[in-house]
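# Descriptive structure summary
Residue strings, one per chain:
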Amino acid sequence: MLVINFKTYHESTGANALLLAKLIDQAALNAPTEVLIAVQALDLESCVRAVKNVKVIAQTVDAVGYGAHTGHILPEEIKSRGIVGTLINHSEYPKADADLGASIALAQAVFQHYTIVCSPSYQKTVEIERQWDPDKIAFEPPELIGGDISVSSAQPDIIKKVVEISPQRQILVGAGVKTLEDVKVSLDLGAIGVLVASGVVKAADPAAVVKEFLKAWK
Ligand code: G3P
């Protein structure tokens, strides 16, 4: 799968989020793999109403149900509005271990396999895998996030090790993904997909980049 994280860039917030979601949606028509967009909370509803070919996921959720939980983001309520999944524990918004397990468990109960747990290192991936057993983990070295050196070119050996932790685990990789080659190498190393932000959001022609990346699955 191709997962595009909108983060909170100006280019992917508010009216721009909607515009970008529509562009990506057109680029994803007849896509050879699933395309997901991870949108900040305020823009989830407008984006989900505007797309047909991509799935919309949240950038985080909290381990709470309905009740007295000021400021939290409820997985069930997100789901009821057509949002199919979520990222959890992105390195720009990590969860404390005490909260991480409960968040993964609740998100997986609500969203099943559209729960993508982010991990910043091999060691943390092992811990997440052993303790909480999520279906999908996205390995993203924080020092490469937002840069021009991709995880697949800088850390191919670590990607291989991460993929080998457990055969049934589905691994995505992210950080610095900018080219079709980055995506192809990631898939060749055993990842089921990539998580990308600036390479699409900040591109002069985001739709062209999405179409280019999707060639990796053809
Ligand atoms: O969640 C994706 C992200 O952290 C990678 O960001 O800008 O390096 O593609 P970027």
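Residues numbered from 1 in each chain as written. Predicted model: local features only at pLDDT ≥ 70, side-chain atom pairs only at ≥ 80, totals over all residues. Heavy atoms only, no water.

Check the secondary structure of the protein and you find 10 helices and 8 strands. For the protein, whose C-alpha radius of gyration is 16 Å, the value lies close to the compact-globule estimate of 17 Å for 218 residues. Dimensions along the principal axes, computed over C-alpha positions, put the protein at roughly 45 × 40 × 30 Å. Looking at the protein as a whole, 54% of its 218 residues are labelled buried. Across the protein, contacts joining residues at least 24 apart in sequence account for 65% of those joining residues at least 6 apart. When the accessible surface of the protein is summed, it comes to about 9600 Å², and 53% of that surface belongs to carbon and sulfur atoms. Treating the 20 positive side-chain charges of the protein as one cloud and the 25 negative ones as another, the clouds have centres 5 Å apart. (Helix = DSSP H or I, 4+ residues; strand = E, 2+ residues; numbered from the N terminus. Rg over C-alpha atoms; globule rule 2.2 N^0.38 Å. Buried < 20%, exposed > 50% of the residue type's maximum accessible area, 1.4 Å probe, protein only. Contact = heavy atoms within 4.5 Å. Areas by Shrake-Rupley, 256 points an atom, 1.4 Å probe, with all protein chains shown as cover. Lys, Arg positive; Asp, Glu negative; His and termini not counted. Charge placed at Lys NZ, Arg CZ, Asp CG, Glu CD.)

With that settled, consider unusual backbone geometry. Its identity is not glycine, yet N89 carries a phi of approximately 70°, on the positive side. On the secondary structure map, N89 appears in the loop between β4 (85–88) and α4 (97–111). At Q112, a position not held by glycine, the phi torsion is positive, near 50°. Tracing the chain through its elements places Q112 in the loop between α4 and β5 (115–119). A relative accessible area of 42% means that Q112 is categorised as partly exposed.

Here the focus is helix α7 (residues 156–164). Within α7 the residues assigned to the buried category are I159, V162 and V163. Projected onto a plane normal to the axis of α7, the buried residues spread over an arc of 100° and lie on a single side. In α7, those exposed residues whose orientation departs by more than 90 degrees from the buried face are D157 and E164. Where the residues of α7 are buried, they touch α5 (122–132), β6 (136–139), α6 (151–154) and β7 (170–174). (Arc of directions from axis to C-beta.)

The next point concerns the sheet that holds strand β1 (residues 2–5). In space, the 8 strands of this closed barrel follow the order β1-β2-β3-β4-β5-β6-β7-β8, with parallel pairing throughout. Each adjacent strand pair in this sheet contributes to an overall mean axis angle of 25°, direction not counted. Bridge analysis of strand β3 (residues 55–58) against β4 gives 2 bridges, and the strand direction is parallel. The residue bridging I57 from the neighbouring strand is G85, located in β4. The sheet contacts of α4 involve β4 and β5, and relative to β4 the element is tilted by about 165°. Lying over the sheet, helix α10 (residues 206–214) contacts β1, β2 (35–39) and β8 (193–196), oriented at roughly 150° with respect to β1. (Pairing = 2+ DSSP bridges. Axes fitted to C-alpha atoms, helices over the stretch in contact; angles between N-to-C directions.)

Our next topic: the packing of aromatic side chains. With the rule as written, the count across this model stands at 0 aromatic pairs. For K161, the ring lying beneath its charged end belongs to Y122, and the centroid distance is 4.1 Å. (Phe/Tyr/Trp six-rings, centres within 6.5 Å; stacked < 30°, edge-to-face > 60°. Lys NZ or Arg CZ within 6 Å of the ring centre and 35° of its normal.)

All residues in the neighbourhood of the ligand are listed as N5, K7, H90, E140, I145, G146, A175, G176, L195, V196, A197 and S198. Measuring from an oxygen atom of the ligand, one finds a backbone N or O atom of G146 at 2.7 Å. In the environment of the ligand, an oxygen atom lies 2.8 Å from a nitrogen or oxygen atom belonging to the backbone of A197. Contact with the protein chains removes 100% of the 310 Å² of surface that the ligand exposes when unbound. With respect to the pocket detection grid, the ligand is positioned in the largest cavity. Per-class residue counts for the shell around the ligand are 5 nonpolar, 5 polar and 2 charged. (Near = heavy atom within 4 Å. Polar contact = N/O pair within 3.5 Å; in protein donor to acceptor, adjacent residues only side chain to side chain. 1 Å grid on protein atoms, 1.4 Å probe; cavity = no way out; pocket = protein on both sides within 12 Å on 5 of 7 lines; lining within 4 Å. Sits in = over half its atoms within 2 Å of the grid points. Nonpolar A, V, L, I, M, F, W, Y, C, P; charged D, E, K, R; others polar.)

In this structure, L2, I4, F6, I24 and I37 are the most contacted members of the largest nonpolar core, which totals 59 residues. When neighbours within four sequence positions are excluded, F6 is seen to be in contact with S12, A17, L20, A21, I24, I37, A38, V39, Q59 and V201. Judged by nonpolar contacts, the second largest core, of 12 residues, contains L36, A38, A138 and L195. (Core = buried A, V, L, I, M, F, W, Y, C linked by side-chain atoms within 4.5 Å.)

Before going further, it helps to spend a moment on empty space enclosed by the protein. A water-sized probe, rolled over the atoms, reveals where empty space remains. Across all of its chains, the model carries 1 cavity of 30 Å³ or more by this definition. Space inside the largest cavity adds up to approximately 100 Å³. In terms of lining, the largest cavity is formed by 15 residues, of which the most central are A175, G176, L195, V196 and A197. Listed by contribution, the elements that provide at least two residues to the lining of the largest cavity are β8 and α9 (198–201). Grouping the amino acids of the lining of the largest cavity by side-chain chemistry returns 6 nonpolar, 6 polar and 3 charged. (Points joined across faces, edges and corners; volume = space filled by probe spheres on them.)

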